[in-house]
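Survey of secondary and tertiary structure
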Amino acid sequence: MIKTIENMEEFPSSDKPGSFSESEMAEKITGIFKEARTLLHQPSEDMDSNSPCTTSVDYAISKWKPKKSYQTIAFAGLYAIVALVMLVNIFCIFIPGINILFLGYWVFIYFDRNASRSSGRPKQWVKNLRYWKWIANYFPMCIHVTQELDPKKTYMFGYHPHGVISLGALVCFASNGGNFTEKLPGIDLRLLTLRLNFFVPVLRELLLWLGLCDVSKPSIEHHLGRGAGNAVMIVVGGAQESLHADTGAYDLTLKNRKGFVKIALRSGSSLVPVFSFGETELFDLHHSDGFAARAQQRMKKLLGFTLPMFSGKGIWLARGLLPYQRPVHIVIGQPIDCPKILEPTQEDIEEYHEKYVEGVIAVFNANKKTVGMTRVQELRIS
């Protein structure tokens, strides 16, 4: 193992664009984790007894220090874009003259409020920007397809786990950073998010250009109703699951989430479980209690989302808000065909929800020893 880690210095520098392809980068990093004895809580005899690392995976991560690169700059730029949008909004509200124009924009937003329920306004050139490849290679992120999907059907993808921000869903399914269109040709997918996001000026336009839509019944039924080849993706666990996105843990909020199954039955769409191995490794989650915990739950109840307390890596400091550069393997499982039932009974919903849960478990079990390397527990569904 020591020889493998030492030889990391011989790898091509990530500062040079094109040094690695997406698959080569993922293969090399995955190899490091595998050779580091990835069964957690089983320290290696090669580890220094005085090392602060408690597991061999921690040891591997501590030795692998990716250099600052164009990929890191690209990801920091994503945060900068969001921050700039918020500052522009504040600026436009309080500057005389400009706030009148801003008011006109709000009028436009009001009349355009159903754009997020009408399949968005996707711009393929925005989704195909090389920028998204850089962000995908930052980790890196890879999509693994277990079965080709028939473009003559419609699909409802369920993404698990939520993680802190669901970065894998954004990078690999909203954009083409993970080569989704090449891996599943003929599938026109819409990632779904909270409707509230589409009332944030400027940000809403970026989301619509990426093809995002709001996660509502009218939105889903509209897109799936367009016919063959159309699909939607729901991050099923939602805000509640984001509060349990601990490193190495896969705690899914799924047991009582059945509304998406009802819509799938009404539209006759196949359910497709998607499991993102590594999504919960990207940030350190800090659990709160007392007033902070109550505030989070209150926020979730009022707004439909909450803000987990988290940290990651910094650019110049050890700590920051950038995600850790750890591999994320997103496995698309076997589709579960659903009959078209305009008025499904509760028994119908329970039957296909159970099949979906079994599908999620099957994807996890089939891949937990290959790409689910840093887990510290088995899958838990609540």
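Whatever comes next refers back to the structure up there.
Below is a short write-up of the structure. (Residues numbered from 1 in each chain as written. Predicted model: local features only at pLDDT ≥ 70, side-chain atom pairs only at ≥ 80, totals over all residues. Heavy atoms only, no water.)

Re the pattern of salt bridges
Considering all chains together, one arrives at 13 salt bridges under this definition. Its salt-bridge partner being Arg 319, residue Asp 284 comes within 2.7 Å of it at the nearest N-O pair. Separated by 35 residues along the polypeptide, Asp 284 in strand S8 (residues 284-286) and Arg 319 in the loop between strand S9 (309-311) and strand S10 (328-332) bring together distant segments of the chain. The partly exposed category is assigned to Arg 319, whose relative accessible area is 48%. In this structure, a network of salt bridges that share partners links the residues Asp 112, Arg 121, Arg 204 and Glu 205. (Salt bridge = Lys/Arg side-chain N within 4 Å of Asp/Glu carboxyl O. Helix = DSSP H or I, 4+ residues; strand = E, 2+ residues; numbered from the N terminus. Buried < 20%, exposed > 50% of the residue type's maximum accessible area, 1.4 Å probe, protein only.)

Things to note about a nonpolar patch on the surface
Taken together, the side chains of Ile 81, Leu 84, Val 88, Val 202, Leu 206 and Trp 209 make up a nonpolar region of the molecular surface, amounting to roughly 450 Å² of accessible area. Counting residues per element, the ones that place at least two in the nonpolar patch are helix H4 (70-94) and helix H10 (203-209). For the nonpolar patch, the leading source of residues is H4, giving 3 residues. Position of Val 202 among the secondary structure elements: in the loop between strand S3 (188-193) and H10. (Patch = residues over 30% accessible without salt bridge, like charges linked within 9 Å, V, L, I, M, F, W, Y side chains within 5 Å. Areas by Shrake-Rupley, 256 points an atom, 1.4 Å probe, with all protein chains shown as cover.)

Looking at the side chain of Arg 190
Examined against the element boundaries, Arg 190 turns out to sit in strand S3. Residue class for Arg 190 comes out buried when judged on its relative accessible area of 4%. Within polar-contact distance, the side chain of Arg 190 engages the backbone oxygen of Ser 119 at 2.8 Å. Each residue touching Arg 190, except ones within four places of it in the same chain, is listed here: Ser 119, Pro 122, Gly 211, Cys 213, His 223, Arg 226, Ala 231, Val 232 and Met 233. (Polar contact = N/O pair within 3.5 Å; in protein donor to acceptor, adjacent residues only side chain to side chain. Contact = heavy atoms within 4.5 Å.)

Examining helix H8 (residues 167-174)
Along H8, 7 of the 8 residues are buried, which leaves the element largely enclosed by surrounding structure. Restricting attention to buried positions, one finds in H8 the residues Leu 167, Gly 168, Ala 169, Val 171, Cys 172, Phe 173 and Ala 174.

Regarding the nonpolar core
Core analysis: the biggest nonpolar cluster contains 50 residues, and Ile 135, Phe 157, Phe 173, Met 233 and Ile 332 have the highest contact counts within it. With 6 residues, the single largest contributor to this core is H8. Each residue touching Ile 135, except ones within four places of it in the same chain, is listed here: Ala 74, Phe 75, Leu 78 and Val 171. One finds Ala 264, Val 331, Tyr 352 and Val 363 within the second-largest nonpolar core, a separate group that totals 31 residues. (Core = buried A, V, L, I, M, F, W, Y, C linked by side-chain atoms within 4.5 Å.)

Concerning the packing of H4 against helix H7 (residues 130-138)
Where H4 meets H7, the axes come as close as 8 Å, and the angle between the chain directions of the two elements is 110°. By the criterion of interaxial angle, the relationship of H4 to H7 is roughly perpendicular. For the crossing formed where H4 meets H7, the hand is left-handed. For the pair H4 and H7, the contacting residues are Tyr 70, Gln 71, Thr 72, Ala 74, Phe 75, Gly 77, Leu 78 and Ile 81 in the first and Tyr 131, Trp 132, Trp 134, Ile 135, Asn 137 and Tyr 138 in the second. (Axes fitted to C-alpha atoms, helices over the stretch in contact; angles between N-to-C directions. Parallel < 35°, antiparallel > 145°, perpendicular 65-115°, else oblique. Left-handed = near helix turned anticlockwise from the far one by under 90°.)

Examining the pairing of strand S2 (residues 155-160)
Most of S2 sits inside the fold, with 6 of its 6 residues counted as buried. Across the two faces of S2 the burial is the same, with Tyr 155, Phe 157 and Tyr 159 and Met 156, Gly 158 and His 160 all buried. As judged from the 5 bridges shared by S2 and strand S5 (residues 230-235), these two strands associate in the parallel manner. By the bridge assignment for S5, Phe 157 is matched with Met 233. Here S2 runs beside strand S7 (residues 270-277); their pairing, made up of 6 bridges, is parallel. Directly across from Met 156, in S7, lies its bridge partner Leu 271. (Pairing = 2+ DSSP bridges.)

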